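Understanding the architecture of this molecule
So the chains spell out like this:
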Amino acid sequence: MRRSLRIVLAEDSVLLREGLIGLLARFGHEVVAAVGDAGALRDAVAAHDPDVVVTDVRMPPDFQDEGLRAAVALRAERPGLPVLVLSQYVQRSYAADLLDAGDGTGVGYLLKDRVGQVEEFLDALVRVAEGGTVVDPEVVRQLLRRHRDPLAALTPREREVLGLVAEGHSNGAIARRLVVTEAAVGKHIGNILAKLDLPPAEDTHRRVLAVLAYLKA
Amino acid sequence: MEPRTPWQALARPRRFLRTGWPWRAVAYLASGVALGALALLVLLVLVGFSLLLVGLPLLLLAGVGLGGLERRRLLLVERDPAADPHRVPEGPGLAAWLRVRAREQATWRELAYAVLSATVLWPLDLLVLAVGLGLPAALLSAPVQLAAAGGEEAKVVKAYLVTSYPQAFAAALLGLVLLPLLLYPLTALAGARAALARALLAPREAELRDRIGEVTASRARLAAAFEAERRRIERDLHDGAQQRLVALTMTLGLARYDAPPGPLAEQLAKAHEEAGLVLTELRELIHGIHPQVLADYGLAEALADAADRSTVPVELEVAADGGAGAGARGSGFPRLPGAVESAAYFAAREALVNLARHSGAGRARLTARHADGLLRLTVEDDGRGGADPARGSGLTGLADRLAVLDGTLSITSPPGGPTVLRVEIPCGVRSASSSPRTASSSARA
């Protein structure tokens, strides 16, 4: 049994909000506060100190990217606060903005469609809560279509591996997907980090930096 | 300021007589008499000929010919030349010329003027001259008339019997006073005559300008209304159908999770996948209507997004002078007025779609620059060229949309390539007060 998460949820559509509360409760998580706009989200986080925040991008009052802005602001105030942003758009810029806030760990950017794939969604939520980085496969797929610097130096296999890293998979998970050994995946990642000029360092998350480089390319 | 018309000259009555204006008015009226009488003669002959049918086109020509002469004659009393209202025929030859002329309103106005001139105007001119110039002249010449008649008696102006020299000189004195006095109404009538001629023969510029202004304004209104409607549809789909579909897939996902393996689980899986596909299609549709990235991040990011989506690899380059930096990440590209961003984005996207479909290009290059109040967008490809902008209805629509913003769209596409599409829109940087974040809050109740 997974651990139970305390979640603050921000979603202006009542239909989806109630649905998500039910879904999360069904799998043993607790929604400690469910709010409908960005201001209330910040208040709720201050009041409840949740394990993870789940927020929509487009919210009142202006229905633009208030949810995303609130998430970025929250992460600036509380470094390391895990945030999962749900969007109805495949948008590299949203994901990049989010990863830019803080050190890029404990954030996720997923298409709203993913909540329908119940297990994958919950899996991503837990990974974000545990400090992982998750970028929606659809965004990754779009990025894979173009071949620009600095990613031009990567081989197709390395790009594939980097895409899976961006989706938030561990080396073991990637190895299973590509049907190779975990050591092979480690070697690919080592090559990727070298080609992206990310030397080993103690206090940076090189995987996240690689994903960031990937998003910004 | 020097007077430009007889009426303006009359506005300074004391200076008036010392200027050339009275004599110009007289010359205008006199030549009007001559020309009008001639026009009457010509028209009568042509009407006679038109009974034999050949006269009809000639009648048209008479109007056009007289119109030309009259416009030149206007310079006698008006300093501003009257422009030619006729269009230049598209092809050479008399037939093309006649076709254009016959369809123009100006031609028929000229014909109307010719008829008016031949029947009403020249006798009127003559009457004005007779009263304004003939009457004082007759009075002035009373002593001469008397002397010519032998000193006994003479009838001045056919009515006034003069029987002595004092009487004759009194009449001459009256003529001397009347001559300058009558020049005022004479000039005023010449001015009216010229104004009438100008009204009929000059192009109706003010009218035309008004109409163009009105058309531009209504086009801009239409474009704005279209844009607002687009956003409303996008919002409705986003807030309505899309949310419900997400909720549906979520419910189906849960049901799938809970269902025991068997036919029911398979049916649910199928329904779940279908709903997912619909959601993907709807997302693409909404993106096509109005990409949210354009509203949130501006043109540079939206172009990057369009480049991402292109099936042909696109190299993107954005640059701006000054770099107000309010918006687009990293590039320092400024936020531009909403209508400009939208028109430029859709032009770029249409161009990318077209080149992916038809050009056979392996690579494309998309550049956007904002400098000196001008947005320049260029889309180049290494394809086979030969693109015909006249056939691309999408591009025609875009050109229209750009025209509303005073923008232009041009394509060069020689056979063998490369195809280069250029968009230029004059525009300033969007001010902070009109940022979309404040603008859309009022647009939404």
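Here the structure is a predicted model, which means the values were calculated and not measured. (Residues numbered from 1 in each chain as written. Chains lettered and ligands numbered in written order. Predicted model: local features only at pLDDT ≥ 70, side-chain atom pairs only at ≥ 80, totals over all residues. Heavy atoms only, no water.)

**Brief notes about the environment of Arg232 of chain B**
Residue and element names in this part refer to chain B. Along the chain, Arg232 falls in helix α9 (residues 205–258). On the basis of relative accessibility, which here comes to 36%, the residue Arg232 falls in the partly exposed class. Taking the C-alpha atoms as reference, Arg232 lies 9.7 Å from His290; in sequence the two are 58 residues apart. A distance of 2.7 Å separates the side chain of Arg232 from the side chain of Asp236, its partner in a polar contact. (Helix = DSSP H or I, 4+ residues; strand = E, 2+ residues; numbered from the N terminus. Buried < 20%, exposed > 50% of the residue type's maximum accessible area, 1.4 Å probe, protein only. Polar contact = N/O pair within 3.5 Å; in protein donor to acceptor, adjacent residues only side chain to side chain.)

**Here we look at the sheet that holds strand β1 (residues 6–10) of chain A**
All names here are of chain A. Sheet architecture is open: six strands sit in the order β2-β1-β3-β4-β5-β6, paired in parallel fashion. With partners counted over all chains shown, the strands left at the sheet margins are β2 (30–35) and β6 (133–135), one partner each. Mean inter-strand twist for the sheet, computed between neighbouring axes without regard to direction, equals 20 degrees. Bridging between strand β3 (residues 52–56) and strand β4 (residues 83–87) involves four bridges; their strand directions are parallel. When the sheet's bridge partners are listed, Asp56 is paired in β4 with Leu86. Across the sheet, helix α4 (residues 92–100) lies against β4, β5 (107–111) and β6, angled at about 165 degrees from β5, the strand it touches most. (Pairing = 2+ DSSP bridges. Axes fitted to C-alpha atoms, helices over the stretch in contact; angles between N-to-C directions. Contact = heavy atoms within 4.5 Å.)

**Considerations on the packing of helix α1 (residues 14–26) of chain A against helix α5 (residues 118–129) of chain A**
Residue and element names in this part refer to chain A. For the pair α1 and α5, the least separation of the axes is 11 Å and the interaxial angle reads 80 degrees. By the criterion of interaxial angle, the relationship of α1 to α5 is roughly perpendicular. Where α1 abuts α5, its residues Leu20, Leu23 and Leu24 lie against Val118, Phe121, Leu122 and Leu125. Looking at the contact of α1 with α5 residue by residue, the class counts come to seven nonpolar, no polar and no charged. (Parallel < 35°, antiparallel > 145°, perpendicular 65-115°, else oblique. Nonpolar A, V, L, I, M, F, W, Y, C, P; charged D, E, K, R; others polar.)

**A short note on the pattern of salt bridges**
Residue and element names in this part refer to chain B. Enumeration over the complete set of coordinates arrives at 29 salt bridges over all chains. Glu315 is paired through a salt bridge with Arg365; the nearest N and O atoms lie 2.7 Å apart. Taken together, the residues Glu315 in strand β3 (residues 314–320) and Arg365 in strand β4 (residues 364–371) connect sequence positions 50 residues apart. For Glu315, a relative accessible area of 39% gives the class partly exposed. Its salt-bridge partner being Glu317, residue Arg369 comes within 2.9 Å of it at the nearest N-O pair. Of this pair, Arg369 sits in strand β4 while Glu317 is found in strand β3, placing the two residues 52 residues apart along the sequence. Relative accessible area serves as the criterion here: at 40%, Arg369 is assigned to the partly exposed category. For Glu317, a relative accessible area of 27% translates into the label partly exposed. Linked through salt bridges whose partners overlap, the residues forming this network are Glu315, Glu317, Arg365 and Arg369. (Salt bridge = Lys/Arg side-chain N within 4 Å of Asp/Glu carboxyl O.)

**Considerations on the sheet that holds strand β7 (residues 420–426) of chain B**
All names here are of chain B. Taken together, the five strands give an open sheet; going across it, the order is β3-β4-β5-β7-β6, and neighbouring strands pair in mixed fashion. At either margin of the open sheet sits one strand with a lone partner, and together these are β3 and β6 (408–412). Adjacent strand axes in the sheet meet at a mean angle of 10 degrees, parallel and antiparallel pairs treated alike. Sheet analysis places β3 next to β4, joined by seven bridges and oriented parallel. For Leu316, the partnering residue across the bridge sits in β4 and is Leu366.

**Remarks on α1 of chain A**
All names here are of chain A. For α1, which comprises 13 residues, the first-to-last C-alpha distance of 18 Å matches the rise-based estimate of 18 Å (1.5 Å per residue) to within 8%. For α1, the full list of buried residues reads Leu16, Arg17, Leu20, Leu23 and Leu24. Considered in projection along α1, the buried side chains sweep an arc of 130 degrees and stay on one side of the axis. Gly28 lies just past α1 and shows a positive phi near 85 degrees. (Expected span 1.5 Å × (residues − 1). Arc of directions from axis to C-beta.)

**Section: the packing of helix α7 (residues 156–166) of chain A against helix α8 (residues 171–178) of chain A**
Residues and elements named next belong to chain A. Across the interface, α7 lies against α8 with an axial gap of 10 Å and an inter-helix angle of 130 degrees. Comparing the axis directions of α7 and α8 gives the class oblique. For the pair α7 and α8, the crossing hand works out as right-handed. In this structure, α7 contributes Arg157, Glu160, Val161, Leu164 and Val165 to the contact, and α8 contributes Ile174, Arg177 and Leu178. Residue classes in the contact of α7 with α8 are distributed as five nonpolar, no polar and three charged. (Left-handed = near helix turned anticlockwise from the far one by under 90°.)

**Considerations on the packing of aromatic side chains**
Inspection of the entire model under this criterion finds six aromatic pairs over all chains. Summarising the aromatic geometry, the rings of Tyr94 of chain A and Tyr109 of chain A are spaced 6.2 Å apart at their centres and angled 50 degrees between planes, so their arrangement reads as tilted. Residue Tyr94 of chain A is located in helix α4, and its partner Tyr109 of chain A is located in strand β5; the two are separated by 15 residues in the primary sequence. Neither Tyr94 of chain A nor Tyr109 of chain A differs from the other in exposure class; each is buried. Ring geometry for Tyr345 of chain B versus Phe346 of chain B: centroids 5.2 Å apart, planes at 75 degrees, classification edge-to-face. Accessibility expressed as a relative area gives 5% for Phe346 of chain B, which makes it buried. Over the face of the ring belonging to Trp21 of chain B we find Arg24 of chain B, whose NZ or CZ atom lies 4.8 Å from the ring centre. Its end group placed over the ring of Phe346 of chain B, Arg230 of chain B keeps NZ or CZ at 4.1 Å from the ring centre. (Phe/Tyr/Trp six-rings, centres within 6.5 Å; stacked < 30°, edge-to-face > 60°. Lys NZ or Arg CZ within 6 Å of the ring centre and 35° of its normal.)

**Overview of the nonpolar core**
Formed by 91 residues in total, the largest nonpolar core has its most connected members in Leu41 and Leu215 of chain A together with Leu299 and Leu375 of chain B. Aside from chain neighbours lying at most four places away, what touches Leu299 of chain B is Leu294, Phe333, Leu336, Glu341, Ala344, Tyr345 and Leu375 of chain B. Val52, Val128 and Val134 of chain A together with Ala247 of chain B belong to the second-largest nonpolar core, a separate cluster that totals 33 residues. (Core = buried A, V, L, I, M, F, W, Y, C linked by side-chain atoms within 4.5 Å.)

**Details of the UniProt feature "modified residue: 4-aspartylphosphate" (unreviewed entry) in chain A**
Residues and elements named next belong to chain A. What UniProt calls "modified residue: 4-aspartylphosphate" (unreviewed entry) maps, in this numbering, to Asp56. Among the structural elements, Asp56 can be located in strand β3. In contact with Asp56, not counting residues within four places along its chain, are Ala10, Glu11, Asp12, Gly67, Leu68, Leu86 and Lys112. (UniProt positions renumbered as here; feature names shortened; annotations may be inferred.)

**Things to note about the interface of chain B and chain A**
Interface size is commonly expressed as the accessible surface area that is lost when the partners come together. Residue-level contacts link 40 residues of chain B with 40 residues of chain A. Where chain B abuts chain A, roughly 3,700 Å² becomes buried across the two surfaces, and 47% of that area is made up of carbon and sulfur atoms. On the chain B side of the contact with chain A, Met250, Arg283 and Asp308 of chain B bury the most area, a combined 19% of that side's loss. Linking chain B with chain A are three salt bridges, by the criterion used here. Across the salt bridge formed by Glu234 of chain B and Arg58 of chain A, the nearest N and O atoms sit 3.2 Å from each other. Listing elements by their share of the side of chain B that touches chain A, those giving two or more residues are α9, α10 (263–289), α11 (292–297), α12 (299–309) and α15 (436–443) of chain B. Looking at the side of chain B that touches chain A element by element, the count peaks at 16 residues for α9 of chain B. Looking at side-chain class alone, the side of chain B that touches chain A contains 14 nonpolar, eleven polar and 15 charged residues. (Buried area = accessible area lost by both parts, 1.4 Å probe.)

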